[in-house]
Amino acid sequence: MTRLAVGDAAPALELPAVLPDPSGTGHTTGTFSLAAALAEPGRQGVVVYFYPAAMTPGCTTEACDFRDSLASLQGAGYGVVGVSPDGVDKLATFAERDALTFPLLADTEHTALEAWGAWGEKKNYGKTYVGVVRSTVVVAPDGTVAVAQYNVKATGHVARVRKTLGLD
């Protein structure tokens, strides 16, 4: 598995997504484009985080931490997007249940997960299998990788990302 490193060009990212409704009420479905997100005025970067499965304890902790830090991240010019192998319907349920206010992308074919180095061999309780490697990549406005973190722990991860970005 090839992992991204600081300075690498970030792979394209355009996937079906559950998006916050622009009216501020609920969610809608559509397509998320990293290129479009990076082009937003004042954008300092986009935090792309990869997680194994919506509505599981660790993934819920991580998503809610990003939700709770979103205003300050956005205030510093950073967008946030979560990517998992879940389908749009499950992501919509997750977004509604936990009032998530950032895009959740459905990568059911694992194409983005593989391209970004977030799909590979894992070990859990002595067993080896292939799946999502919990990871976070921050992409700079020029499309290059500014931060690449792999095999991260869900608890406390957002605080570590904020510290890495110099926000805390």
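Remember, it's a predicted structure, so these values are computed and weren't measured experimentally. Residue indices follow the written sequence of each chain, beginning from 1 at its first position. With the structure being a predicted model, the display of local features is reserved for residues of pLDDT at least 70 and the display and counting of side-chain atom pairs for 80 or more, all residues being used for whole-chain, interface and lining totals. Calculation of side-chain values draws on the structure's entire complement of heavy atoms; hydrogens and water are dropped beforehand.

Enquirer: Which residues make up the nonpolar core, and what values go with them?
Expert: Membership of the largest hydrophobic core comes to 26 residues, with the highest contact counts inside it found for Leu13, Leu34, Val48, Phe50 and Trp116. Core analysis: the second largest hydrophobic core is formed by 24 residues, Val47, Ala54, Ala63 and Val80 among them. Definition used in this section: a nonpolar core is a set of buried Ala, Val, Leu, Ile, Met, Phe, Trp, Tyr and Cys residues joined via side-chain atoms within 4.5 Å. Buried, partly exposed and exposed residues are distinguished by accessible area as a fraction of the type maximum, computed with a 1.4 Å probe on protein chains only: under 20%, between the cut-offs, and over 50%, respectively.

Enquirer: So what's going on with the packing of aromatic side chains? Residues and values would help.
Expert: For Phe, Tyr and Trp, rings pair up if their centres lie within 6.5 Å, where Trp contributes its six-membered ring, and each pair is then called stacked (planes under 30 degrees apart), edge-to-face (over 60) or tilted (otherwise). According to the stated counting rule, one finds six aromatic pairs in the structure shown. Residues Phe50 and Trp116 carry aromatic rings whose centres are separated by 5.7 Å and whose planes lie at 50 degrees to one another, so their mutual orientation is tilted. Highlighted residues: Phe50 in strand S3 (residues 45–50) and Trp116 in the loop between helix H4 (111–115) and strand S6 (119–124), separated in sequence by 66 residues. Here Trp116 falls in the buried class, since its relative accessible area comes to 0%. Residues Tyr51 and Phe94 carry aromatic rings whose centres are separated by 6.1 Å and whose planes lie at 50 degrees to one another, so their mutual orientation is tilted. Placement of the pair is Tyr51 in the loop between S3 and helix H2 (57–75) and Phe94 in helix H3 (residues 88–97), with a sequence separation of 43 residues. Through a chain of ring-to-ring contacts, the aromatic side chains of Tyr49, Tyr51, Phe66, Phe94 and Phe102 assemble into a single cluster. Secondary structure is summarised from DSSP: a helix means a run of H or I of at least four residues, a strand means a run of E of at least two, and numbering begins at the N terminus for each.

Enquirer: Which residues make up the packing of H2 against helix H5 (residues 157–164), and what values go with them?
Expert: Where H2 meets H5, the axes come as close as 9 Å, and the angle between the chain directions of the two elements is 35 degrees. Facing Glu62, Asp65, Phe66, Ser69, Ser72 and Leu73 of H2, the residues of H5 in contact are His157, Val158 and Arg162. When residues are grouped by polarity, Ala, Val, Leu, Ile, Met, Phe, Trp, Tyr, Cys and Pro land in nonpolar, Asp, Glu, Lys and Arg in charged, and all others, Gly among them, in polar. Residue composition of the contact of H2 with H5, by class: three nonpolar, three polar and three charged. Axes here mean lines fitted to C-alpha atoms, for a helix over just the part in contact, with angles spanning 0 to 180 degrees between N-to-C directions. Contacts: residue pairs with any heavy atoms within 4.5 Å of one another.

Enquirer: Any details on the environment of Gly75? Residues and values, ideally.
Expert: Structurally, the position occupied by Gly75 is in helix H2. Separated by 58 residues in sequence, Gly75 and Val133 place their C-alpha atoms 28 Å apart.

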